[in-house]
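# Chains, contacts and geometry: an overview
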Amino acid sequence: MDKMLPQPSAIILEEQTDLTISEVCQACAVRVETIVELVDEGVLSPIGREPHRWRFTGTHLRRATVAIRLQRDLGVNLAGAALALQLLDELEALQARLQAMGRN
């Protein structure tokens, strides 16, 4: 008899639309203060007015992860990480425009 192996399961976080600050902190392995700083700097724009009511998307999680890695791995300060993310967003938008122009 063949043994049945457990089926792997995964959650695609970029498709999540209602992550709490605790879930984002857990996924990024950081403290709440770090996420609050990212919001204060404009890196993240969650839904809700107060940190305990904030809701994040998977896109927010991806941005937080990039900002945190820039800080940890490269020693970039928070303002520098925010600028780098803004430039990455602009680059992505330009690439999308170029692809759209190439298809027409």
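What counts, and where the lines are drawn
Residues numbered from 1 in each chain as written. Predicted model: local features only at pLDDT ≥ 70, side-chain atom pairs only at ≥ 80, totals over all residues. Heavy atoms only, no water. Phe/Tyr/Trp six-rings, centres within 6.5 Å; stacked < 30°, edge-to-face > 60°. Buried < 20%, exposed > 50% of the residue type's maximum accessible area, 1.4 Å probe, protein only. Axes fitted to C-alpha atoms, helices over the stretch in contact; angles between N-to-C directions. Helix = DSSP H or I, 4+ residues; strand = E, 2+ residues; numbered from the N terminus. Parallel < 35°, antiparallel > 145°, perpendicular 65-115°, else oblique. Left-handed = near helix turned anticlockwise from the far one by under 90°. Contact = heavy atoms within 4.5 Å. Nonpolar A, V, L, I, M, F, W, Y, C, P; charged D, E, K, R; others polar. Salt bridge = Lys/Arg side-chain N within 4 Å of Asp/Glu carboxyl O. pLDDT = per-residue confidence, 0-100. Arc of directions from axis to C-beta.

Attention shifts here to the packing of aromatic side chains. Within the structure shown, the criterion is met by one aromatic pair. Their ring planes at 90° and their centres at 6.1 Å tell us that Trp-54 and Phe-56 sit as a pair that is edge-to-face. Like Phe-56, Trp-54 is buried.

On to the packing of helix α1 (residues 21-28) against helix α3 (residues 58-74), then. Remark: α1 packs on α3, axes separated minimally by 10 Å, with the N-to-C direction vectors making an angle of 45°. When the interaxial angle is binned, α1 and α3 end up oblique. Crossing geometry of α1 relative to α3 is assigned as right-handed. Residues Val-24, Ala-27 and Cys-28 of α1 touch α3, and the partners they reach there are Leu-61, Ala-64, Thr-65, Ile-68 and Arg-72. When grouped by side-chain class, the residues that make up the contact of α1 with α3 number six nonpolar, one polar and one charged.

Below, the discussion takes up the pattern of salt bridges. For side chains bearing opposite charge, pairing can occur when the charged atoms are close. Scanning all chains against the criterion turns up five salt bridges. Arg-53 is paired through a salt bridge with Glu-50; the nearest N and O atoms lie 3.5 Å apart.

Turning to the confidence of the model for the protein chain, a few remarks are in order. Per-residue pLDDT for the protein chain has a mean of 88; in total, 83% of the residues score no lower than 70. Within the protein chain, helix α4 (residues 78-103) has the poorest average pLDDT of any element, 93, and helix α2 (residues 32-40) the best, 97.

Position of Arg-63 relative to the elements: it lies in helix α3. Ignoring anything within four residues of it in the chain, the contact list for Arg-63 reads Val-43, Leu-44, Leu-85 and Asp-89.

On to the packing of α2 against α3, then. Taken N-terminus to C-terminus, the directions of α2 and α3 make an angle of 100°; their axes are 11 Å apart at the nearest point. Of the possible angle classes, the one that applies to α2 and α3 is roughly perpendicular. Packed against α2, whose contacting residues are Thr-34, Ile-35 and Leu-38, the element α3 presents Ala-64, Ala-67 and Ile-68 at the interface. Partitioned by chemical class, the residues of the contact of α2 with α3 number five nonpolar, one polar and no charged.

This paragraph deals with α1. Every buried residue of α1 is listed here: Ile-21, Val-24, Cys-25 and Cys-28. The buried residues of α1 occupy an angular sector of 100° when projected down its axis, which confines them to one face. Where the residues of α1 are buried, they touch α2 and α3. One or two steps after α1, the chain reaches Ala-29, where phi turns positive at roughly 55°.

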